[in-house]
Amino acid sequence: MLYYGQKRSLSVRVAIEIVLTDEERAELTGLVRSKLTSVRLAQRAHIVLLAADGLQNKEIADRLAVGRVQVARWRERYAESRLAGIEQDLPRGRCGSTG
């Protein structure tokens, strides 16, 4: 619906831009292709590479058959901490509790 005379602000979430150096791109590509890399780390590296290629979270999620939230999480962690941000698994559930 169009409202004349009123300004309506729509907040649009924009994915964090990922810009890679040649060295970073080579390292991430190596992780994706390596048979020694864990499946999870290879997937995270693939997410970052696709993000660096300019794909949006929904496109990456559809292409890799993962959730958009997961894509956004790993994109953000890479932007904050580079490779170290995607190397370590996130804690799951209650950790360190025995009962």
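Look up a bit, the structure's there.
The sections below set out a description of the structure shown in this document. (Residues numbered from 1 in each chain as written. Predicted model: local features only at pLDDT ≥ 70, side-chain atom pairs only at ≥ 80, totals over all residues. Heavy atoms only, no water.)

Focus: the layout of surface pockets
Quick reminder of the rule: Cavities and pockets were defined on a 1 Å grid built over protein atoms only: a cavity is a set of grid points that admits a 1.4 Å probe from which the probe cannot escape, a pocket is an open set flanked by protein on both sides within 12 Å along at least five of seven lines, and lining residues are those with an atom within 4 Å of any such point. Grid points are joined across faces, edges and corners, and a volume is the space filled by probe spheres set on the points. By the criteria applied, helices consist of DSSP H or I runs no shorter than four residues and strands consist of E runs no shorter than two, each listed in order from the N terminus.
Taken as a whole, the largest pocket holds about 270 Å³ of empty space. Every residue lining the largest pocket is listed: Arg13, Val14, Ala15, Ile16, Gln56, Asn57, Lys58, Arg68, Ala72, Arg75 and Glu76. If you list the elements that add at least two residues to the lining of the largest pocket, you get α3 (57-64) and α4 (68-81). At 4 residues, the largest contribution of residues to the lining of the largest pocket is made by α4.

Brief notes about the packing of aromatic side chains
Convention followed: Only Phe, Tyr and Trp rings are paired, with Trp represented by its six-membered ring, and only when their centres lie within 6.5 Å; those with planes under 30 degrees apart are stacked, over 60 edge-to-face, the remainder tilted. A ring is scored as having a charge over it whenever the NZ atom of a lysine or the CZ atom of an arginine sits within 6 Å of its centre and within 35 degrees of its normal.
Following the criterion strictly, the structure yields 0 aromatic pairs and no others. Seen from the ring of Trp74, Arg44 lies directly overhead, with NZ or CZ sitting 4.1 Å from the centre.

Fair warning: the whole summary comes from geometry, so function is off the table for now.
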